[in-house]
Amino acid sequence: MSRTFTRIGKEITMAVKAGGPDPTANSRLRALMSNAKAANMPKDTVERAIKKATDKDAKDYKEVIYEGYAPGGVAVLVETATDNTTRTVANLRTYFNKNGGSLGNSGSVAFMFTHKCYFHIKPKDGVTLDDLELELIDFGAEDFDQDEEEIIISGAFEANGDIQKYLEDNGFEITSTEFVYDPTDTKELDAEGRAAVEKLIEVVEEDDDVQNVFTTMKEVEE
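First things first, this report covers the structure right here in the doc. (Residues numbered from 1 in each chain as written. Predicted model: local features only at pLDDT ≥ 70, side-chain atom pairs only at ≥ 80, totals over all residues. Heavy atoms only, no water.)

1. With respect to the sheet that holds strand β3 (residues 102–103)
The strands making up a sheet are joined through hydrogen bonds of the backbone, oriented either antiparallel or parallel. Where we set the bar: A pair of strands is treated as paired once DSSP finds two or more bridges between them. A run of DSSP states H or I qualifies as a helix once it reaches four residues; a run of E qualifies as a strand once it reaches two. Both are numbered from the N-terminal end. Working rule for contacts: check all heavy atoms of both residues, and any pair within 4.5 Å makes them a contact. Note on geometry: axes are lines fitted to C-alpha atoms, helical ones only across the stretch in contact, with angles between N-to-C directions running from 0 to 180 degrees.
The 4 strands lie next to each other as β3-β1-β2-β8, forming an open sheet whose pairing is antiparallel. Looking along the sheet, the strands with just one partner apiece sit at the ends: β3 and β8 (210–215). Relative to β3, strand β1 (residues 62–70) runs antiparallel, the two being bridged by 2 bridges. Looking at β3, one finds that glycine 68 is bridged to leucine 103. Packing against the sheet, helix α1 (residues 2–19) makes contact with β1, β2 (74–82) and β8, and its axis sits at approximately 105° to β8. In the packing of helix α4 (residues 85–98) onto the sheet, contacts are made with β1, β2, β3 and β8, and the angle to β2 comes to roughly 150°.

Written out as structure tokens, the structure reads:
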């Protein structure tokens, strides 16, 4: 749980530095506050993170994407928030080399992924999924899914602002937001191959600079 709080805290810092500490004027900060609530992050912890980000001595994190290959030729994107890119890239190169992978140059595997946004919202009385789909297609939404508890809407990353604005303007409760890199194609591995990739991912995810890890490894259906 503390790892999740640390990740959200860094994202809040970057959002505040980019768009200011007022959530009413900072759509990214509003989305992160929803994510914090969904992760059961205490309200006072969120408020401290926002206040700390406005301090002139606050760390200046940069979002940097690193690319490489895991064992079995699986492509990997590593999303980081770092205040020292020299440290981050050195650490990642070590993790990849020691676990059968290799860190590549910018652009080496990014073309294998699509940057997307996902909005998790609560259903609204009187609004069907078909109604929502008809409205949101014009705002860049592409896929819709619903279960008993929530509706999941996804679209291209570039559409996230328009989708968020529509949902907020029309009174939908956004419970969380995700920005992910979905693979355009996946690679199927046997159990041994999967274990090797998962070992690398586990090591990479333990690094404090790492926010998310995305791969082209095909998920096993349960």
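There's more to say after this.
2. Quick word on the pairing of β1
Pairing of β1 with β2 involves 9 bridges; the strand directions are antiparallel. The residue of β2 that forms the bridge with tyrosine 66 is valine 78. Counted along the chain from β1 to the antiparallel partner β2, the turn is 3 residues long, and its residue glycine 72 has a positive phi close to 80°.

3. Regarding the sheet that holds strand β7 (residues 174–183)
Taken together, 4 strands build an open sheet; the order of strands is β5-β6-β4-β7 and the sheet is antiparallel. The open sheet has two free edges, formed respectively by β5 (141–146) and β7, since each of these has just one partner strand. Pairwise comparison of adjacent strand axes, ignoring direction, gives a mean angle of 20° for this sheet. Pairing of strand β4 (residues 113–121) with strand β6 (residues 151–156) involves 6 bridges; the strand directions are antiparallel. Note that in β6 the partner of cysteine 117 across the bridge is glycine 155. On the sheet, helix α5 (residues 129–136) packs against β4, β5 and β6 and is oriented at approximately 165° with respect to β5. Relative to the sheet, helix α6 (residues 160–169) contacts β4, β5, β6 and β7, its axis offset from that of β4 by approximately 10°.

4. Considerations on the packing of aromatic side chains
For the record, the criterion: Put simply, two rings from Phe, Tyr or Trp (the six-membered ring, in Trp's case) pair if the centres are within 6.5 Å, and we call them stacked under 30 degrees between planes, edge-to-face over 60, tilted for the rest. When a residue's accessible area, from a 1.4 Å probe over protein chains only, is under 20% of the maximum for its type it is buried; when over 50% it is exposed; and in between it is partly exposed.
The final tally for this structure, using the stated rule, is 3 aromatic pairs. When the centroid spacing of 5.0 Å and the interplanar angle of 45° are considered together, the rings of phenylalanine 139 and tyrosine 166 count as tilted. Note that phenylalanine 139 is positioned in the loop between α5 and β5 and tyrosine 166 in helix α6, a separation of 27 residues in sequence. Classification of phenylalanine 139 as partly exposed rests on a relative accessible area of 32%. On the accessibility criterion, tyrosine 166 (11% relative accessible area) is buried. Residues phenylalanine 157 and phenylalanine 179 carry aromatic rings whose centres are separated by 5.1 Å and whose planes lie at 85° to one another, so their mutual orientation is edge-to-face.

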